[in-house]
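One-letter residues, chain by chain:
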Amino acid sequence: VQLQASGGGLVQAGGSLRLSCAASGRTFSSYAMGWFRQAPGKEREFVAAISGSGGSTYYADSVKGRFTISRDNAKNTVYLQMNSLKPEDTAVYYCAADYGVVVVTTIHLYDYWGQGTQVTVSS
């Protein structure tokens, strides 16, 4: 599976961005998908995840109520809608795929990673 993340950019606090992650392959629905982020000098952290069917989602407490993860299996794409952005959301955002329909939030369980897209939120 190859993953290509896009949609990052510079936005003011309170603004919105939508990240996309396009996946190759024919069995996209067999993969749970996750978004992670890494700020300068910090470890990569879990942001959100979605099951293969899209029926289950999980969020980090820090983004709950502001971010929404979704997927379109017909387009082999997972999205992260980010609203009410804060300066502390500034990071490189990565999408990842885990073979299996169960949602996982642990970084080392993900098998495939995209290249990352930069999100910068100015105050």
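The structure this text deals with has already been given above.
Below is a summary of the structure that appears in this document. (Residues numbered from 1 in each chain as written. Predicted model: local features only at pLDDT ≥ 70, side-chain atom pairs only at ≥ 80, totals over all residues. Heavy atoms only, no water.)

Once that is clear, we can look at the packing of aromatic side chains. Under the defined criterion, the tally for this structure stands at six aromatic pairs. A ring pair is formed by Phe 36 and Phe 46, whose centres lie 5.8 Å apart and whose planes are at 70 degrees; its orientation type is edge-to-face. In this pair, Phe 36 is assigned in strand β4 (residues 31–38) and Phe 46 in strand β5 (residues 45–50), connecting sequence segments 10 residues apart. Judged by its relative accessible area of 16%, Phe 46 falls in the buried class. Look at Phe 36 and Trp 113: their rings are 5.0 Å apart centre to centre, the planes differ by 50 degrees, and that puts the pair in the tilted class. Taken together, the residues span a long stretch of sequence, with Phe 36 in strand β4 and Trp 113 in strand β10 (residues 112–113) at a distance of 77 residues. A residue is classified by how much of its surface remains accessible, and Phe 36, at 0% relative accessible area, is buried. Through a chain of ring-to-ring contacts, three or more aromatic side chains come together here, namely Phe 36, Phe 46, Tyr 110 and Trp 113. It is Arg 44 that lies over the ring of Tyr 94; its NZ or CZ is 3.7 Å from the centre. Lying across the ring of Trp 113, Arg 44 places its NZ or CZ 5.0 Å from the centre. (Phe/Tyr/Trp six-rings, centres within 6.5 Å; stacked < 30°, edge-to-face > 60°. Helix = DSSP H or I, 4+ residues; strand = E, 2+ residues; numbered from the N terminus. Buried < 20%, exposed > 50% of the residue type's maximum accessible area, 1.4 Å probe, protein only. Lys NZ or Arg CZ within 6 Å of the ring centre and 35° of its normal.)

Here we take up the environment of Thr 105. For Thr 105, the position within the fold is in the loop between β9 (91–99) and β10. As a C-alpha pair, Thr 105 and Thr 117 span 12 residues in sequence and 20 Å in three-dimensional space. Those residues within four positions of Thr 105 in sequence are excluded, and the remaining contacts are Phe 36, Phe 46 and Tyr 58. (Contact = heavy atoms within 4.5 Å.)

Turning to the environment of Gly 14, a few remarks are in order. Relative to the elements of secondary structure, Gly 14 occurs in the loop between β2 (9–12) and β3 (17–23). What Gly 14 contacts, discounting residues up to four positions off in sequence, is Ser 84 and Leu 85.

With that out of the way, let us pick up the pattern of salt bridges. Taken as a whole and assessed by the stated rule, the structure comprises four salt bridges. Note that Lys 64 and Asp 61 form a salt bridge whose closest N and O atoms lie 3.1 Å from each other. The exposure classification of Lys 64 matches that of Asp 61, with both residues exposed. What you see here is one network of salt bridges that share partners, running through Arg 37, Glu 45, Arg 66 and Asp 89. (Salt bridge = Lys/Arg side-chain N within 4 Å of Asp/Glu carboxyl O.)

Taking every second residue as pointing to the same face, the buried face of strand β7 (residues 67–72) carries Phe 67, Ile 69 and Arg 71, while none of Thr 68, Ser 70 and Asp 72 on the other face is buried. Sheet topology places β7 next to strand β8 (residues 77–82); six bridges connect them, and they run antiparallel. Looking at β8, one finds that Phe 67 is bridged to Met 82. Hairpin connection from β7 to β8: four residues lie between these consecutive antiparallel strands, with Asn 76 at a positive phi of about 55 degrees. (Pairing = 2+ DSSP bridges.)

Either a parallel or an antiparallel arrangement is found when strands of a sheet pair, and the pairing is made through backbone hydrogen bonds. The strand order across the open sheet built from four strands is β1-β3-β8-β7, with neighbouring strands paired in antiparallel fashion. Of all the strands in the sheet, just β1 (3–6) and β7 have a single pairing partner and so form its edges. Across the sheet, the mean angle from the axis of one strand to that of its neighbour is 15 degrees, orientation sign disregarded. Where β3 and β8 come together, six bridges link them in antiparallel fashion. Paired with Ser 20 across the strands is Tyr 79, a residue of β8. (Axes fitted to C-alpha atoms, helices over the stretch in contact; angles between N-to-C directions.)

Structural measurements only, silent on function.
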